[in-house]
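Each chain, letter by letter, is given below.
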Amino acid sequence: MAHTDLRDDDPVRIGGALIVGRLGAGGMGVVYLGRNADGRAVAVKVVRTDLAADPDFRRRFADEVQVMRDVGPQHTARVLAADPEAAQPWVVMDYVQGPTLADRVRRGPLPADELDAFATHVIGAVAAVHAAGVVHRDLKPSNVVLTPGGIRLLDFGVARAPFAAADQGARVGSLTWMAPEQIDGDPCGPAADIHALGAKSAAVVTRLYDQLPANGSELVLFDINRAGALEPLGDPRRHGRARDPRRPDPVRSRRGEGAAAGPTPTTAPRLAIPTIPP
């Protein structure tokens, strides 16, 4: 598991986990690689000191932890321990091993035998998020991890209840994968995640991943049909990226019109997990 060395000011232990390395750092804090008492690898997310002083951010962090618990370990990292009230809020999660979708697609498009498994698992994961009563709002490929047990969605830091008031003065999400209504700063429903799912559907079956426009509004108009080989994803691929936010539910599209959304069926095809060089 790739990680960098600890710095002198990094913690030694958090939530009972021994901190052994850094997995990454971002605008919200640092994610560490840790080891539980039984030696199991865990990921430990610690909030930046300046953000910890913001009551609104603390509330959002607590919400993120609760969303992960509500979605459940079948579709995201299992929460092992958390303290949103600590001087620096933290959460200890299962370390999700496997390449991200971004890693996988850079090696080339998914062949037909992997495509149906990918579609089934990612649609089931998104359906579980929506069933938990939230919209993820940042379903970029680096937040989608391919594991032997299926797809896990990460980073619920900007997840919100459907049609919650938009963040004032901020465009939240990753621009390339954002729905038009999200770019416009309007409240978002589950259809915003469907748009991101449609954009990823285009990426996984083409060699255009690194050529996708950086501007989300341009992405809506991006001609994915020129690449061909897109039929296996059916309606989620064709309509998921429509400008009109009344996009079809991909679970209904896969299971038949009018079918209720729900978790991935137990008969979902196995997801092939490639080896990604470090």
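See the structure printed just above.
So, here's what we can say about the structure. (Residues numbered from 1 in each chain as written. Predicted model: local features only at pLDDT ≥ 70, side-chain atom pairs only at ≥ 80, totals over all residues. Heavy atoms only, no water.)

Examining empty space enclosed by the protein
Using the following cut-off: Definitions used throughout: a 1 Å grid over protein atoms alone; a cavity as a set of points that fits a 1.4 Å probe which cannot get out; a pocket as an open set with protein on both sides within 12 Å along at least five of seven lines; a lining residue as one with an atom within 4 Å of a point. Grid points are joined across faces, edges and corners, and a volume is the space filled by probe spheres set on the points. Where helices and strands are cited, they refer to DSSP runs of H or I of at least four residues and of E of at least two residues respectively, numbered from the N terminus. Asp, Glu, Lys and Arg are counted as charged, while Ala, Val, Leu, Ile, Met, Phe, Trp, Tyr, Cys and Pro are counted as nonpolar; the rest, among them Gly, fall into the polar class.
Tallying each qualifying case throughout the model produces three cavities of 30 Å³ or more. Computed from the structure, the second largest cavity encloses a volume of approximately 50 Å³. Considering each element in turn, the lining of the second largest cavity owes the most residues, three residues, to helix α6 (residues 190-204). Partitioned by chemical class, the residues of the lining of the second largest cavity number five nonpolar, two polar and four charged.

Regarding the pattern of salt bridges
What counts here: The term salt bridge refers to a pairing of a side-chain nitrogen on Lys or Arg with a carboxyl oxygen on Asp or Glu at a separation within 4 Å. Exposed residues in this analysis have more than 50% of their type's maximum accessible area, buried residues have under 20%, and partly exposed residues fall in between, with area computed by a 1.4 Å probe over protein chains only.
All told, the structure shown has seven salt bridges when counted by the stated rule. Ionic pairing is found between Lys45 and Glu64, a salt bridge with its closest N-O pair at 2.9 Å. With a gap of 19 residues between them, Lys45 in strand β4 (residues 41-47) and Glu64 in helix α2 (residues 55-71) connect regions that are remote in the sequence. Side by side, Lys45 and Glu64 carry an identical accessibility label, which is buried. One salt bridge in this structure joins Arg59 and Asp63, with 3.6 Å as the shortest N-O distance. Placement of both Arg59 and Asp63 in helix α2 is noted, with a separation of four residues, approximately one turn of the helix. You can call Arg59 partly exposed: its relative accessible area is 44%.

Observations regarding a nonpolar patch on the surface
Keep this limit in mind: Each patch is built from residues that are more than 30% exposed by relative accessible area and take part in no salt bridge. Like charges join if they lie within 9 Å; nonpolar side chains (Val, Leu, Ile, Met, Phe, Trp, Tyr) join within 5 Å. The Shrake-Rupley method, run with a 1.4 Å probe, gives the accessible areas here. Residue values count only the displayed protein chains as cover.
On the surface, a cluster of nonpolar side chains totalling about 220 Å² of accessible area is made up of Val12, Leu18 and Val20. Inspection of the secondary structure assignment puts Val20 in strand β2 (residues 17-25). In this structure Val20 comes out as partly exposed when scored by relative accessible area, which is 32%.

Description of unusual backbone geometry
Backbone geometry places Asp155, a non-glycine residue, at a positive phi of 60°. Within the secondary structure, Asp155 is located in the loop between β8 (150-153) and α5 (180-183). A residue is classified by how much of its surface remains accessible, and Asp155, at 31% relative accessible area, is partly exposed.

Describing the sheet that holds β4
Going by this rule: Each pair of strands is called paired provided DSSP finds at least two bridges between the two strands.
Across the sheet, which stays open at both edges, the six strands sit in the order β1-β2-β3-β4-β6-β5 with antiparallel pairing between neighbours. For this open sheet the edge positions go to β1 (13-14) and β5 (79-83), each flanked by a neighbour on one side alone. As paired elements, strand β3 (residues 29-35) and β4 share seven bridges and run antiparallel to each other. The residue of β4 that forms the bridge with Arg35 is Ala41.

Focus: the packing of helix α4 (residues 112-131) against α6
We apply this condition: The axes are straight lines fitted to the C-alpha atoms, using for helices just the contacting stretch, and the angles between their N-to-C directions are given from 0 to 180°. If an angle is under 35 degrees, it is roughly parallel; if it is over 145, roughly antiparallel; if it lies from 65 to 115, roughly perpendicular; otherwise it is oblique. In this scheme the crossing of two helices becomes right-handed for a clockwise turn of the near helix relative to the far one and left-handed for an anticlockwise turn of less than a right angle. Here, residues are in contact when the closest pair of their heavy atoms is within 4.5 Å.
Running from amino to carboxyl end, α4 crosses α6 at an angle of 165°, the nearest separation of the two axes being 11 Å. Relative to α6, the element α4 lies roughly antiparallel. As for how α4 packs across α6, the hand of that crossing is right-handed. On the side of α4, the interface is formed by Leu115, Phe118, Val122, Ile123, Val126 and His130, while α6 contributes Pro190, Asp193, Ile194, Leu197 and Val204.

Comments concerning the pairing of β8
Inspection of the sheet shows strand β7 (residues 144-147) paired to β8 by four bridges, in the antiparallel sense. What sits directly across from Thr147, in β8, is Gly150. Where β7 hands over to β8, the hairpin turn is made up of two residues, counted between the paired strands.

A closer look at the nonpolar core
Spelled out, the test is: Side-chain atoms within 4.5 Å link the members of a nonpolar core, which is a set of buried Ala, Val, Leu, Ile, Met, Phe, Trp, Tyr and Cys residues.
Leu101, Phe118, Ile151, Leu153, Phe156 and Val204 are the most contacted members of the largest nonpolar core, which totals 41 residues. When residues of this core are assigned to their parent elements, the largest contribution, eight residues, is made by α4. With eleven residues, the next largest nonpolar core counts Ile19, Val30, Val42 and Ala86 among its residues.

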